[in-house]
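Read off the chains here:
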Amino acid sequence: MISNVYSYYMAEYGIRPYNKHSAHKKSELKDLYNNIVKLNRSNPFYKIDVSEESQKQAIDIKESARALSDITGDLTDAASGDMTFKNIATSSNEDVLTAEYVGDNKSAGTSKSFTLKVAQLASPQVNTGNYVNPRARNLFTGTYSFDIDISSITYELQFQVRDNENNQDIQNRIARLINNSNTGLSAKVLTNPEGRTALELTSNMTGIGDKPTIFDVNDDHTTDLSGVVEAFGLNNTTQYPSNAVFELNGDMKTSSSNTFTVDKEFEIHLKDTSEDDTPVTVSMKQNMDSLVDSLHELADSYNHILSVAHNGTNTSTHRLYSDLRGIANTYTEALVNNGIDIDSETGAITVDDEKLKENSSAEEMLATLKDIGKFKNALQNKASNIMLDPMEYINKSVVSYKNPARPTGDTYTTSIYSGMMYNGYC
């Protein structure tokens, strides 16, 4: 049985895009392990409030801390460890393509740029079935199945045809079956001007591989009744996949996807072909613009975790709220002097763009980064501690203390968070 808390986690946070913070070096994992051992040696045994509300609060706290850790990591120079601003890529024509900087923040503010001319977008495979009378019936009653071969994997999908169903009912069921089966295809029912309906299958992947097609549909060797592929024309390929074709700094290139990286630093998303053969320039935002955008992201992430803590219903989450406000109050003078204001009632921070730009000319930018960097470092450390043990901010009672002469490095403390979501399996 999957718990409601696990379902809440998946619904709110489960589908997250992969980013550079999702991967870790061996040294980072070793440091994390050592921190866990140290934490487990010193913490007593607790009785945790396991109410559903408390568990959801723990998830919100950890995930908001993760987001704060990501942005503070983005604002840390990978070479020196000092505060920097994010390298932010910009496109001269976002209708044709968008760009995102995904490299390490080393020497932020570089003037690197390149040009792209898009001749052709990568396209998926499309199979358009036979248009049939939606009120007629092309299949007998019974259980049918068919195979989808894609990426060297074969999926067998099964469905039933009932006595009172017509072609459109069956097509809708097949479309739902494919869309819910996570096979790498999407399906929908088309209607032509004559009112006849057909199934359209589209691959999620694009580009040309070893074969001219990405997927194949057949029912030659299924375990149930066959005939659905022929009846609805599921194997009629009407669009073959193609690669993206573009010029990078004048050199012709191809890509199997409309999303790719350049020099492992820029992630490009192609959206349309170039008009009038005009190239699109991808470059870096100017230093001050990057600094302003970076501080807005930091403020948004800080304000979010502050709100999560403030809206908590127990004294432990309120303690987190006080801790966060305490960090901001410690660096009030440095923040205010550099265009970051603190709300006296809520503790939320806001960035005054004009004041920041006035006080941070190109010559003074390093001083600005140094001042705000102390606040950033404190938030980064706090976020790391929260992620290590988010249950610290959930109501709990001490059951017993460990023997200070012989502390044990068990896994009790850090296993509580994951255990609460998988408890339904036990």
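Rules behind the numbers
- One numbering rule holds for all chains: residues counted from 1, following each sequence as written.
- Whole-chain, interface and lining totals are the exception, using all residues; otherwise, since this is a predicted model, local features are given only for residues with pLDDT of at least 70 and side-chain atom pairs are given and counted only at 80 or more.
- Neither water nor hydrogens contribute to the side-chain values; these are computed over all heavy atoms in the structure.
- Throughout this description, buried means an accessible area under 20% of the type-specific maximum (1.4 Å probe, protein chains only), exposed means over 50%, and partly exposed covers the range between.
- Secondary structure elements follow DSSP: runs of H or I of four or more residues count as helices, runs of E of two or more count as strands, with numbering from the N terminus.
- A pair of strands is treated as paired once DSSP finds two or more bridges between them.
- Convention adopted: a line fitted to C-alpha atoms gives each axis, helices being fitted over their contacting stretch, and angles between N-to-C directions are expressed from 0 to 180 degrees.
- Surface patches are defined over residues having more than 30% relative accessible area and no salt bridge, joining like charges when they lie within 9 Å and nonpolar side chains (Val, Leu, Ile, Met, Phe, Trp, Tyr) when within 5 Å.
- Residue burial considers only the protein chains on display, and all accessible areas are found by Shrake-Rupley using a 1.4 Å probe.
- Salt bridge criterion: a side-chain nitrogen from Lys or Arg within 4 Å of a carboxyl oxygen from Asp or Glu.
- Positive charges come from Lys and Arg, negative ones from Asp and Glu, while His and the chain ends are left out of the count.
- Charged side chains are reduced to one point each, which is NZ for Lys, CZ for Arg, CG for Asp and CD for Glu.
- Residue types Ala, Val, Leu, Ile, Met, Phe, Trp, Tyr and Cys, when buried and joined through side-chain atoms within 4.5 Å, form a set referred to as a nonpolar core.
- Residues count as neighbours in contact if any of their non-hydrogen atoms are within 4.5 Å of one another.
- Here a pair means two rings of Phe, Tyr or Trp (six-membered ring of Trp) with centres within 6.5 Å. Their orientation is stacked below 30 degrees between planes, edge-to-face above 60, and tilted elsewhere.

What follows deals with the pairing of strand 14 (residues 259-262). The side chains of a regular strand alternate, residue by residue, between the two faces of the sheet. Every second residue of strand 14 is oriented toward a common face, the buried set being Phe260 and Val262 and the non-buried set Thr259 and Thr261. Counting the residues that bridge the hairpin from strand 14 to strand 15 (residues 266-270) gives three residues, and of these Asp263 lies at a positive phi of roughly 55°.

Strand order in the open sheet made by the three strands is 3-15-14, with antiparallel pairing throughout. In the strand order of this sheet, the two ends are held by strand 3 (97-101) and strand 14, each with one partner. Sheet twist, expressed as the average angle between the axes of neighbouring strands with direction ignored, equals 25°. Note: strand 3 against strand 15, five bridges, orientation antiparallel.

Attention now moves to a negative patch on the surface. On the surface, Glu94, Asp95, Asp272, Glu275 and Asp276 cluster together into a patch of negative charge. Mapped onto the fold, Asp95 is located in the loop between strand 2 (89-91) and strand 3.

Strand order in the open sheet formed by five strands is 2-16-4-12-13, and the pairing between neighbours is antiparallel. Each edge of the open sheet is held by one strand with a lone partner, namely strand 2 and strand 13 (251-255). With direction set aside, neighbouring strand axes in the sheet form an average angle of 30°. Here strand 4 (residues 114-120) pairs with strand 12 (residues 244-248) via four bridges, running antiparallel. Paired with Val118 across the two strands is Phe246, which belongs to strand 12.

It is worth spelling out the pairing of strand 6 (residues 142-150) at this point. Extensive coverage of strand 6 is indicated by the burial of seven of its nine residues. With nine bridges connecting them, strand 6 and strand 7 (residues 153-161) associate as antiparallel partners. Bridge pairing links Tyr144 to Phe159 in strand 7. From the end of strand 6 to the start of strand 7, which pair antiparallel, there are two residues, and Ser151 there has a positive phi angle of about 55°.

Counting 35 residues, the largest nonpolar core has Leu295, Leu298, Tyr302 and Phe375 as its most contacted members. Residue assignment for this core shows that the elements contributing at least two residues are helix 3 (52-74), helix 6 (287-310), helix 7 (315-330), strand 18 (349-351) and helix 10 (365-388). Residue contributions to this core peak at 10 residues, all from helix 6. Not counting the four nearest positions on each side in its chain, Tyr302 is found in contact with Leu68, Leu324, Arg325, Ala328, Gly347, Ile349, Phe375 and Leu379. Among the nonpolar cores identified, the runner-up in size contains 25 residues, and Ile148, Leu199, Ile214 and Val229 belong to it.

A few words on the packing of aromatic side chains. Counted by the stated rule, this structure contains six aromatic pairs. Aromatic side chains Phe114 and Phe266 sit 5.1 Å apart centroid to centroid with 80° between the ring planes, which places their arrangement in the edge-to-face category. Of this pair, Phe114 sits in strand 4 while Phe266 sits in strand 15, and the two are 152 residues apart along the sequence. A residue is classified by how much of its surface remains accessible, and Phe114, at 4% relative accessible area, is buried. On the numbers, 4.6 Å between centres and 5° between planes, the contact of Phe246 with Phe260 is stacked. Taken together, the residues span a long stretch of sequence, with Phe246 in strand 12 and Phe260 in strand 14 at a distance of 14 residues. Exposure class is identical for Phe246 and Phe260. Each is buried. In textbook terms, an aromatic cluster arises when at least three aromatic residues are bridged by ring pairs, as seen for Tyr101, Phe114 and Phe266.

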